[in-house]
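In case you want the letters, here they are:
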Amino acid sequence: MGSSLTVELAEIRVTQIETLALTSSPDPPSLYRHFVDDGFGKFRDRDHANAYLKFVNSLSSDLVYTIEHPHTDGSLPFLDVLIHRDNTNSVYRKPTHTDKYTHYSTAAPQNTKDALIRSLTTRAYKLCFPHHLTKELAHIRQVLLDNGYP
């Protein structure tokens, strides 16, 4: 495993390249944010996004950026948030997510089991817009039942 300095140096390098790209691009995105190695940009269209990607990748040979275009419904995942076309958010789970958590019948301490419920519901309330919240809370309820919670 690399040293903790590796993470800091990587963050510095990514920030350098992204700052250079945003300040020197003839046509930067109207919005750009990043967290660690994930970036989110708002572009006019797919061609604009692809042109900016090509420009960013021309600035350095030590990092290669890739792009993920919106899904067919216009939504785009960023970290654990699904950003919808109507500028609302909901919880995003990767296709490989299994919804398997510590089963209620295990010997884990009760506070660990309680923390699972709190963390899932807190994430839902913090990330979901109201019209996505009901569906997310129903999903959490079913997941907890499937994992043996009463």
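Refer to the structure printed above.
Notes on the structure in this doc start here. What you are looking at is a predicted structure, and each value in this text was computed from that prediction instead of being measured.

## With respect to the nonpolar core
Residues F40, I83, L116, L120, I140 and L144 are the most contacted members of the largest nonpolar core, which totals 15 residues. Among the elements of the structure, strand 3 (76-78), strand 4 (81-83), helix 3 (110-127) and helix 4 (130-146) are those that each provide at least two residues to this core. Ignoring anything within four residues of it in the chain, the contact list for I83 reads F40, G74, S75, L76, F78, T88 and N89. With 7 residues, the next largest nonpolar core counts V14, A21, V56 and Y65 among its residues.

## Quick word on the pattern of salt bridges
All chains considered together, the criterion is met by 5 salt bridges. E136 serves as the salt-bridge partner of R93, at 2.3 Å between the closest nitrogen and oxygen. With R93 in the loop between strand 5 (89-91) and helix 3 and E136 in helix 4, this residue pair connects regions lying 43 residues apart in the sequence. What you see here is one network of salt bridges that share partners, running through R93, D99 and E136.

## Regarding the sheet that holds strand 4
Taking strand neighbours across the sheet as the criterion, the 3 strands line up as 3-4-5 in an open arrangement whose pairing is antiparallel. Of all the strands in the sheet, just strand 3 and strand 5 have a single pairing partner and so form its edges. With direction set aside, neighbouring strand axes in the sheet form an average angle of 35°. Strand direction decides the pairing type here: strand 4 and strand 5, joined by 3 bridges, are antiparallel. Each residue of the ladder has a partner; that of L82, found in strand 5, is S90. On top of the sheet, helix 3 reaches strand 4 and strand 5; it is set at about 165° to strand 5, its chief contact.

## Describing the packing of aromatic side chains
One pair of aromatic rings is described through two measures. These are the centre distance and the angle between the planes. A complete count under the given rule lists 4 aromatic pairs for this structure. For the ring pair Y52 and F55, a centre distance of 6.4 Å and an interplane angle of 40° mean the geometry is tilted. Taken together, the residues Y52 and F55, both in helix 2 (residues 46-58) and 3 residues apart, mark about one turn of the helix. An aromatic cluster of at least three residues, connected via ring pairs, comprises F43, Y52 and F55. K113 extends its terminal NZ or CZ atom over the ring of Y104, reaching a point 4.8 Å from the ring centre.

## Overview of a nonpolar patch on the surface
Together, L5, L9 and I12 give the surface a local cluster of nonpolar side chains, amounting to about 290 Å² of exposed area. Within the fold, I12 resides in helix 1 (residues 4-24).

## A few points about helix 2
With 13 residues, helix 2 should reach 18 Å at 1.5 Å per residue; the first-to-last C-alpha distance of 18 Å fits that figure. Restricting attention to buried positions, one finds in helix 2 the residues H48, A49, Y52, L53 and V56. The buried residues of helix 2 occupy an angular sector of 135° when projected down its axis, which confines them to one face. More than 90 degrees from the buried face of helix 2, the exposed residues found are D47, K54 and S58. Check the buried side of helix 2 and you find it contacts helix 1. A side-chain oxygen of the first residue of helix 2 lies 3.2 Å from the backbone nitrogen of D47; this N-cap is D45.

What counts and what doesn't
- Residues numbered from 1 in each chain as written.
- Predicted model: local features only at pLDDT ≥ 70, side-chain atom pairs only at ≥ 80, totals over all residues.
- Heavy atoms only, no water.
- Core = buried A, V, L, I, M, F, W, Y, C linked by side-chain atoms within 4.5 Å.
- Buried < 20%, exposed > 50% of the residue type's maximum accessible area, 1.4 Å probe, protein only.
- Helix = DSSP H or I, 4+ residues; strand = E, 2+ residues; numbered from the N terminus.
- Contact = heavy atoms within 4.5 Å.
- Salt bridge = Lys/Arg side-chain N within 4 Å of Asp/Glu carboxyl O.
- Pairing = 2+ DSSP bridges.
- Axes fitted to C-alpha atoms, helices over the stretch in contact; angles between N-to-C directions.
- Phe/Tyr/Trp six-rings, centres within 6.5 Å; stacked < 30°, edge-to-face > 60°.
- Lys NZ or Arg CZ within 6 Å of the ring centre and 35° of its normal.
- Patch = residues over 30% accessible without salt bridge, like charges linked within 9 Å, V, L, I, M, F, W, Y side chains within 5 Å.
- Areas by Shrake-Rupley, 256 points an atom, 1.4 Å probe, with all protein chains shown as cover.
- Expected span 1.5 Å × (residues − 1).
- Arc of directions from axis to C-beta.
- Polar contact = N/O pair within 3.5 Å; in protein donor to acceptor, adjacent residues only side chain to side chain.

Function cannot be read off these values alone, since they describe shape.
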